[in-house]
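# Structural features, examined
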Amino acid sequence: MEVSKISQILRNLEVYEKDPIVKLLILKGQGKTFCAGGDVVGMVLSINEGEIFHFLSYIILRHWSFGASFYKKQLTLDYLLATSTKPLVSLINGIVMGGGAGLSMNSMFRVVTENTVFIYPLLIIL
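Before going into details, it helps to say that this report is about the structure given with it.

What counts as what
Residues numbered from 1 in each chain as written. Predicted model: local features only at pLDDT ≥ 70, side-chain atom pairs only at ≥ 80, totals over all residues. Heavy atoms only, no water. Helix = DSSP H or I, 4+ residues; strand = E, 2+ residues; numbered from the N terminus. Buried < 20%, exposed > 50% of the residue type's maximum accessible area, 1.4 Å probe, protein only. Contact = heavy atoms within 4.5 Å. Pairing = 2+ DSSP bridges. Axes fitted to C-alpha atoms, helices over the stretch in contact; angles between N-to-C directions. Patch = residues over 30% accessible without salt bridge, like charges linked within 9 Å, V, L, I, M, F, W, Y side chains within 5 Å. Areas by Shrake-Rupley, 256 points an atom, 1.4 Å probe, with all protein chains shown as cover. Salt bridge = Lys/Arg side-chain N within 4 Å of Asp/Glu carboxyl O. Polar contact = N/O pair within 3.5 Å; in protein donor to acceptor, adjacent residues only side chain to side chain.

Here we take up the overall build of the protein. Scanning the protein from terminus to terminus reveals five helices and eight strands. Put simply, the protein runs from its N terminus to its C terminus through helices and strands in the order α-β-β-α-β-β-α-β-β-α-β-β-α. Per-residue burial over the protein gives 32% buried out of 126 residues. Considering only contacts in the protein between residues 6 or more positions apart, those separated by 24 or more positions represent 55%.

Below, the structure is given as structure tokens:
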């Protein structure tokens, strides 16, 4: 999951939370995945080494502060979804990994299909 996508969802969530017309929030992915998460290995490298690496089709100079900032935004989003005053439904079809797992688990309701594959690779890394 890219920082820009997290920021976009945070902005939208803030608007929808304040809008009295909005009664229900629905979170769904596009294509064959609900959300494939982020590049955990790349993030760890950025935190530990501050080196240049390939991250989601972009070559960017990373510093440990990028990883800290990224996870602060990701975990803030997870918290706000979990504490939303509006009912939140995750429509899950396809692959759910890492950050996508955090998004979907914090929904009040989770609807999955027979095509759903739930993977949490961070457990293997830890």
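Next comes the rest of the write-up.
Judged by pairing direction, the sheet is parallel, and its three strands sit side by side in the order β1-β5-β7 without closing on themselves. Two strands bound the open sheet, and with one partner strand each, they are β1 (25–28) and β7 (109–112). The sheet shows a mean angle of 20° between the axes of neighbouring strands, direction not considered. Bridge count between strand β5 (residues 88–92) and β7: four bridges; the pairing is parallel. For S90, the partnering residue across the bridge sits in β7 and is R110.

Let us now look at a nonpolar patch on the surface. A contiguous nonpolar patch, built from L24, I26, L91 and V111 and spanning about 330 Å² of accessible area, is present on the exposed surface. Position of V111 relative to the elements: it lies in strand β7. Residue classification places V111 among the partly exposed positions, given a relative accessible area of 42%.

Here we take up the side chain of S84. Among the secondary structure elements, S84 is positioned in the loop between α3 (64–82) and β5. One polar contact links S84 to E17, side chain to side chain, over a distance of 2.3 Å. S84 has contacts with E17 and L25, leaving out every residue within four places of it along the chain.

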